Structure formats: structure tokens, C-alpha cells
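Architecture at a glance
Now for the letters of each chain:
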Amino acid sequence: MSHNTNDFTNVSHSRCYRISSTSSIKIGWGKRAFVWCIMLCVPILLFSQQITGDKFDSYVDSLSSDTIHISHHPKMQKLKKKVKHTGSILYRFVKSFDDYDTTYISPNYYNYTAMLQNTNYFQVYKLQGRGENGIRQTIATKPAPNVKIGPYFGWRWIFLGYTFDVSHPKALGESSELDFSLYSSMLGCDFVYIKNTGNYRLRRATGFEGVDPYAVHNMAFTGLDAKTLSFSAYYVFNHRHFSYPAAYNQSTVQRKSCGSALLGMGYSNQHVSFDYTKLPQILLGGADNDRIVDELKFSKVNYDYYYVSAGYGYNWVFARNCLLGASVMPSVGIRKAKGEKLKGNEVLMDLKNFSCDVTSRVGLVWNNAHWFAGASFISHLYMYRKDRLSLTNSVNFANIYVGFFFNRKKQYR
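Residues numbered from 1 in each chain as written. Predicted model: local features only at pLDDT ≥ 70, side-chain atom pairs only at ≥ 80, totals over all residues. Heavy atoms only, no water.

1. Observations concerning the overall build of the protein
Of regular secondary structure, the protein possesses six helices and 21 strands. Out of the 413 residues in the protein, the part that is buried amounts to 47%. Relative to all contacts within the protein whose residues are 6 or more apart in sequence, the contacts with residues 24 or more apart total 72%. Carbon and sulfur atoms form 61% of the exposed surface of the protein, whose accessible area is close to 20700 Å². (Helix = DSSP H or I, 4+ residues; strand = E, 2+ residues; numbered from the N terminus. Buried < 20%, exposed > 50% of the residue type's maximum accessible area, 1.4 Å probe, protein only. Contact = heavy atoms within 4.5 Å. Areas by Shrake-Rupley, 256 points an atom, 1.4 Å probe, with all protein chains shown as cover.)

Next comes the structure, spelled out in C-alpha cells:
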């Protein structure tokens, strides 16, 4: 059974807001409210760009002229000045997101965009346990991949599209993917929500005596339910010369090679339920020959991760209108299991409470400011280490696209 997928994308002058989801998504009220807050904040920020300078003044004047002569009251005049001042500060703050040197970065000259995009999502989950006798056993699994394709159409900062699932996977359970990315010259953020319930196949298993690692390859496995929730935000230091949007949403063009240091922070939650009894009998062994180590007989892992991240991104303009961009942002932070209470001195003294994750991006783009084509790859690596058990969750998104801009903006005619 295939799942249709809706992709909605909003693109501003140098921003990309992308939401991808499958039709089977079910989000709790708390997370649903969080997602709606993001979706409401985006148009507010974008709208603030439209009310600038004299336009903002005329907008406020029009509001005051519609009142019943009370606008001449001293208090109303003072309120009017405060509103103008607040709007001016908000405008300058939002405008600073896209403050860049045009000798390094060219803006988008057109109002409309049309694009065809292929989106691919795939995930790898690896579980590793080390027994008391030192034997290491590893089980690698993956859910059925999603391959989607569809058209997109954009007007200035609004970008909408619809993609169809063309992979037709034989679903063993329910799966949901939701990713949200914002790219601006100065700031960016990522939101990821992945949920798979029993929709897995084994890739390989190592460390099991007498069992070939690929003897279980592509076998169905319904004993793993996993949920990933992650949000991160980061700051681009050299944002006047280095453009993240040029590599990942085509709203600008990088003209000269340049790089920048990155600094961010974020939160993630990993919730894994595991039923080892549903593994193939070849891994379990018999009553007198138990092959699996006790460390892999866990039933649930649920933890929060609070972290800071730092990294570097570089855009290489290797030919005219051609760009190869890459960035890596490793993170370090505190991992806390649900229900676990940690005192301040225990957190700092025990290295087991610290963990590391990594976010990587690669983008290849050809963009002559009228036509564009390219590919991008974004990978989120989440790692859990506790005693003799470790979990590694790799979430990956790959996109291939081609499109064009049309209807040149008045200021560039």
C-alpha cells in the first residue's frame, strides 16, 4: 500500500520553509500546537517585510483615520508613535536576516518559480549490545524507503507543491515523516519528526555465532517501533558573504567561494520500543543455545537530549553559476532518560550523561538566475550510549530538482 505525500514549501527572498509529510501522520496535541506555532510565525515574519518605511506609516495612518476622532487624543498619538517605532525595529530585525554583500551573493530577480522535484527519504537504525564476556552483537534495520516526485509553483515567498509516492512499498506498519527547514543568510532552523511502527526490514546482523551477517538481509521485522523528534537553530557568522540558501533553496546565487563558522543549539527526543522475540529464529537460537546477548533484550529506550552545536560550512563556486556546498555541525550535550533525575554535580562528573550527534549537508546547484537544477542531501545522525547498549539512528533526505524563474520584479527590469 503506497502513501501519498504532500510537500508544502514557502520561499522568501532568502528563506526556505519546507514541510514534508505523509498522509498517516498522527501528532499529539502538544506537538501539534508546536507545529502550528511555527506555521503561524512564518507568515507573520514574512508579512512584516511588506510593511516598511512610508508603507508602514501609511498603514498605521489608515488605521487611525478609521477611528472616531479619538486618534487626536494625546494618548492615542503616543500609542501611534510606539507602534511605528516597534514596527520599524521589527522590520530592521527581519531585514538583517538577509543582509549580504551583493559582490558575493546575488538575489532572486523574479516573482514566480516553477519546479519539478524528486524527494527521497531513508533511515537506518543500528542496535549494538556488548555482553559480559565481551561479545559484541549488532543488528542493523531500515524502514521501507519513500521515493516521491511532484511539481512545485512559487510566487515570491509562497511556494506550494504536491508529490506522489512512486516507490509503492509493501508497508509492514505505519510510518510518518515530517521535516521543516528554514534557511536565511543569518539564521536557520531544522525540525524533524519521524515515526515508524513495525515498518522495518533487517539489513545485517553481526556477532551471532555461526550466522552469516547477511543471512537475515531483507527479512521483515515488526519488533521495532521508533520515534524521533528534533528541533535545532543555528547562527551563520559570515552571513554577508556566505549563503546557505544558495546551496539548498535556490533563492540566491553564490558568486564567489566563501565559508562560515556556524553555532547552534537544539533539543531531540528518541523513543524506541524493541521486542527481540520477533527476531528471526536464526538469531535467537534454541532453548539450549541462546545466541542473543542480554543487553539486546531491552524493551524500551526513551531519552531527551539538550545540546549545543558548532561547525563549518563552505560554498565552492567551481564554475560560472555552479556551486558545491557542504557543511558539518557536530553537537555535544546532556542526555537524560525519561523519569531519570540528575543532580547538578552528577551531570558534570559522569561522562555517561554526555552524548554527541551530527548534522551534515551537501548541495550541488547550477543556477543562472533564470533556470536552475541540482541535488541536495541532508543527514541527521542521532547516537545513544548507555552502559553496554548503543543505538544509532541515521535520518536522511535526498532531493533532485529542476526549475525556472519568471516574471522579473519591477526593481530589476
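2. Digging into the packing of aromatic side chains
Under the criterion given, the structure shown has 21 aromatic pairs. Taken together, a centroid distance of 5.5 Å and an interplanar angle of 35 degrees make the contact between Tyr121 and Phe397 tilted. Of this pair, Tyr121 sits in strand S4 (residues 110-130) while Phe397 sits in strand S21 (residues 389-408), placing them 276 residues apart in sequence. Judged by centre distance (5.0 Å) and plane angle (20 degrees), the ring pair of Phe274 and Phe298 falls under stacked. (Phe/Tyr/Trp six-rings, centres within 6.5 Å; stacked < 30°, edge-to-face > 60°.)

3. A closer look at the environment of Asn118
Relative to the elements of secondary structure, Asn118 occurs in strand S4. On the basis of relative accessible area, Asn118 is assigned to the buried category, the value being 17%. Between the C-alpha atom of Asn118 and that of Val166, which follows or precedes it by 48 residues, the distance is 9.9 Å.

4. With respect to empty space enclosed by the protein
Tallying each qualifying case throughout the model produces ten cavities of 30 Å³ or more. Looking at the largest cavity, its volume works out to about 180 Å³. At the level of elements, strand S9 (187-197), strand S12 (224-236), strand S17 (300-319), strand S18 (322-337), strand S19 (354-367) and strand S20 (371-386) are the ones that each hand at least two residues to the lining of the largest cavity. Across the lining of the largest cavity, the residue classes tally to nine nonpolar, seven polar and three charged. (1 Å grid on protein atoms, 1.4 Å probe; cavity = no way out; pocket = protein on both sides within 12 Å on 5 of 7 lines; lining within 4 Å. Points joined across faces, edges and corners; volume = space filled by probe spheres on them. Nonpolar A, V, L, I, M, F, W, Y, C, P; charged D, E, K, R; others polar.)

5. What about the nonpolar core?
Leu279 and Leu391 are the most contacted members of the largest nonpolar core, which totals 28 residues. Of all the elements in the fold, those that place two or more residues in this core are S4, strand S10 (200-206), S12, strand S14 (258-274), helix H5 (281-284), S17 and S21. Considering each element in turn, this core owes the most residues, four residues, to S17. Residue contacts for Leu391: discarding those within four places in its chain leaves Tyr125, Lys126, Leu127, Val272, Phe298, Val301, Tyr382, Met383, Tyr384 and Arg385. (Core = buried A, V, L, I, M, F, W, Y, C linked by side-chain atoms within 4.5 Å.)

6. Thoughts on the pattern of salt bridges
With the rule as written, the count across this model stands at four salt bridges. A salt bridge links Asp190 to Arg361; the nearest nitrogen and oxygen atoms lie 2.3 Å apart. Of this pair, Asp190 sits in strand S9 while Arg361 sits in strand S19; the two residues are 171 residues apart in sequence, bridging distant segments of the chain. The two residues Asp190 and Arg361 agree in class, both being buried. Salt-bridge contacts for Arg388 lead to Glu295; the nearest nitrogen and oxygen are separated by 2.9 Å. Note that Arg388 is positioned in the loop between S20 and S21 and Glu295 in the loop between strand S16 (289-290) and S17, a separation of 93 residues in sequence. With a relative accessible area of 31%, Arg388 lands in the partly exposed category. What you see here is one network of salt bridges that share partners, running through Glu132, Glu295 and Arg388. (Salt bridge = Lys/Arg side-chain N within 4 Å of Asp/Glu carboxyl O.)

7. Describing the confidence of the model for the protein
Confidence in the prediction of the protein, expressed as mean pLDDT, is 77, and 71% of residues score 70 or more. Taken as a whole, residues 1-38 scores under 50 in pLDDT and shows 133 contacts with residues more than four places along the chain or in a different chain. The model gives residues 63-68 a pLDDT under 50, and that stretch makes two contacts with residues more than four places away or in other chains. (pLDDT = per-residue confidence, 0-100.)

8. Some words on the pairing of strand S5 (residues 136-143)
Most of S5 sits out of view: six of its eight residues are buried. Taken together, the six bridges between S4 and S5 define a ladder with antiparallel strand orientation. Considered in S5, the bridge of Tyr125 is made with Thr141. Counted between consecutive antiparallel strands, the loop separating S4 from S5 contains five residues, among which Gly134 sits at a positive phi close to 90 degrees. The pairing of S5 with S10 spans six bridges and is antiparallel. Among the inter-strand pairings, Thr138 is bridged to a residue of S10, identified as Thr206. (Pairing = 2+ DSSP bridges.)

9. A word on unusual backbone geometry
A positive phi angle is found at Ala369, which is not glycine, with a value near 75 degrees. Relative to the helices and strands, Ala369 resides in the loop between S19 and S20. Assessed through its relative accessible area of 11%, Ala369 is described here as buried. Residue Asn407 is not a glycine yet carries a positive backbone phi of 65 degrees. Within the fold, Asn407 resides in strand S21. Look at Asn407 and you get partly exposed, because its relative accessible area is 33%.

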